[in-house]
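Residues per chain are reported as follows:
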Amino acid sequence: MGKDEPDLSGAAEGGGWKPVLGLSDEPTAPVDWREWAGKSVAGTVFAQPEPEQLIELTVIIPARDEQDCLGACLQSLVSQSEEIFELGKDWELIIVDDHSGDRTSEIARGFAGVSVLEARKLEPGWTGKANAIWTAATHARGRWLLFTDADTLHEPGNLRRAMHEAERHKAGMLSYSPRQIVRGLAQRSLMPLVFCELALAYPPTKVSDPNQRIAAANGQFLLVEREAYRRLGGHASVADKVLEDVELAYLAKRRRVGLRFRYADDAVATRMYRTTAAMIEGWTKNLALLIDNTLALSLWRALDFLLLFGLPLLAAELWNARLGAHSLEWLGAGWVLAALWLRTLFRFYARAAKSNFPFVDCALSPLGLPLFVVLLYRSWFQHRILKQVSWKGRSYKA
């Protein structure tokens, strides 16, 4: 993300375009996915013949050691079952237990109407999340497929509203950036710094514009129309990608299925990390893939820290100086430094405000700068030097 769209498909022999699932990948004018939804196409991503009657929605949640959060997530989803949108009849909810070592599967089975699958064996060339999702996606019966995470909380009615929103905007793929729930000083000071960089790098208006090459999606809420998913090749087409959601978004832009992306505090919330250690591991895995020039950015944020905390101290030292005949000059220099500090402070908080975090969290964000600098460098080092990252007990090539 933040760069020109990569060539994800490759060229066929003779300089032509390589077909994917029998569909031409040649760029064309933007089309309405509804013109080809429901039509037969060569190739399929689904493991069984198409049912005569599709249900409205399939919700798929990959879960690996999620006993602390899965119950609340499922409660927020199953509570949306009603007479006109009945779970098991109009929509289905599938949990894929990705070889958990805790009570994840037991908790999922405790909810009526929820189907539980065991993720297939993880083969080389697949990430755990893509593999778990693919296990369920190939058996999905929904006209829409929603991929969401076990640590999300869904607002009442958000499932039907999301489908209506996608149809209204002629989007084959709709992704929400959830409201972030944070706990503790480390999370409250760091997360606004990360999300303001993401908000600046990927403005939703540009991401949603089919004429812009920039693409983004958030796997915490990723809604895809069935034929759009088929056209993209499903998660098998991004099997080895650490950020499979972003790669699918690039494919959606390339194959003109219609992409819509927005901040959606009205629809979904998430607590991404339960511990500081998990937060460090997660952002180490992701930052270098999400942000251009992470090493340069780490230097700029280190400079921000020095200016925000160093300038007031230096100004105060100058104001308190006892330098005889030159005291007025040093006093004036102190005021110049104070003005520079105020300008730096204003610029910093104007940037932090774009994170969509509460005022108090943004106010605390300067305290997160040292950790942000370390994570930017750590992510760059693991991706560019070690070429390997880890997540939930598994290692992946970067």
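Each remark here, short or long, concerns the structure printed above.
What this report covers is the structure whose coordinates are included nearby. (Residues numbered from 1 in each chain as written. Predicted model: local features only at pLDDT ≥ 70, side-chain atom pairs only at ≥ 80, totals over all residues. Heavy atoms only, no water.)

**Remarks on empty space enclosed by the protein**
- In this structure the tally under the stated criterion is 3 cavities of 30 Å³ or more.
- Taken as a whole, the largest cavity encloses approximately 50 Å³ of empty space.
- Elements with a contribution of two residues or more to the lining of the largest cavity: helix H5 (184-201), helix H10 (294-319) and helix H11 (327-352). (1 Å grid on protein atoms, 1.4 Å probe; cavity = no way out; pocket = protein on both sides within 12 Å on 5 of 7 lines; lining within 4 Å. Points joined across faces, edges and corners; volume = space filled by probe spheres on them. Helix = DSSP H or I, 4+ residues; strand = E, 2+ residues; numbered from the N terminus.)

**Side note on the nonpolar core**
- Core analysis: the biggest nonpolar cluster contains 64 residues, and Phe147, Met191, Tyr229 and Trp283 have the highest contact counts within it.
- With residues near it in sequence (within four places) discarded, Phe147 still touches Ile60, Ile133, Ala137, Gly219, Gln220, Phe221, Leu222, Val224, Tyr229 and His235.
- The next biggest cluster of nonpolar side chains, apart from the first, holds 34 residues, and it includes Cys69, Trp91, Leu93 and Ala267. (Core = buried A, V, L, I, M, F, W, Y, C linked by side-chain atoms within 4.5 Å. Buried < 20%, exposed > 50% of the residue type's maximum accessible area, 1.4 Å probe, protein only. Contact = heavy atoms within 4.5 Å.)

**Regarding the packing of aromatic side chains**
- Applying the stated criterion across every chain yields a total of 12 aromatic pairs.
- Residues Phe147 and Tyr229 carry aromatic rings whose centres are separated by 5.3 Å and whose planes lie at 40° to one another, so their mutual orientation is tilted. Here Tyr229 lies in helix H7 (residues 226-232) and Phe147 lies in strand S4 (residues 142-148), a separation of 82 residues in the sequence. Each member of the pair, Phe147 together with Tyr229, is buried.
- Seen from their ring centres, Tyr176 and Phe221 are 4.5 Å apart, and the 25° between their planes marks the pair as stacked. Pair noted here: Tyr176 is in strand S6 (residues 173-177) and Phe221 is in strand S8 (residues 221-225), with a separation of 45 residues, a long-range link.
- Feature note: the residues Phe195, Tyr273, Trp283, Phe357 and Trp391 constitute an aromatic cluster, connected by ring pairs.
- A cation sits over an aromatic face here: Arg120 above Trp126, 4.2 Å from the ring centre. (Phe/Tyr/Trp six-rings, centres within 6.5 Å; stacked < 30°, edge-to-face > 60°. Lys NZ or Arg CZ within 6 Å of the ring centre and 35° of its normal.)

**Focus: the pattern of salt bridges**
- Evaluation of the coordinates by the stated rule reveals 17 salt bridges.
- A salt bridge links Arg143 to Glu167, with the nearest nitrogen and oxygen atoms 2.7 Å apart. With Arg143 in strand S4 and Glu167 in helix H4 (residues 158-168), this pair connects stretches of sequence that are 24 residues apart.
- Its relative accessible area of 23% is what places Glu167 among the partly exposed residues.
- Notably, a salt bridge pairs Arg260 with Glu165, separated by 2.7 Å at the nearest N-O pair. Of this pair, Arg260 sits in strand S9 (residues 259-263) while Glu165 is found in helix H4, placing the two residues 95 residues apart along the sequence. This pair shows no difference in class: Arg260 is buried, exactly as Glu165 is.
- Each of Glu197, Arg301, Asp304, Arg347 and Arg351 takes part in a single network of salt bridges with overlapping partners. (Salt bridge = Lys/Arg side-chain N within 4 Å of Asp/Glu carboxyl O.)

Everything listed here is a matter of coordinates, which is why it stays silent on function.
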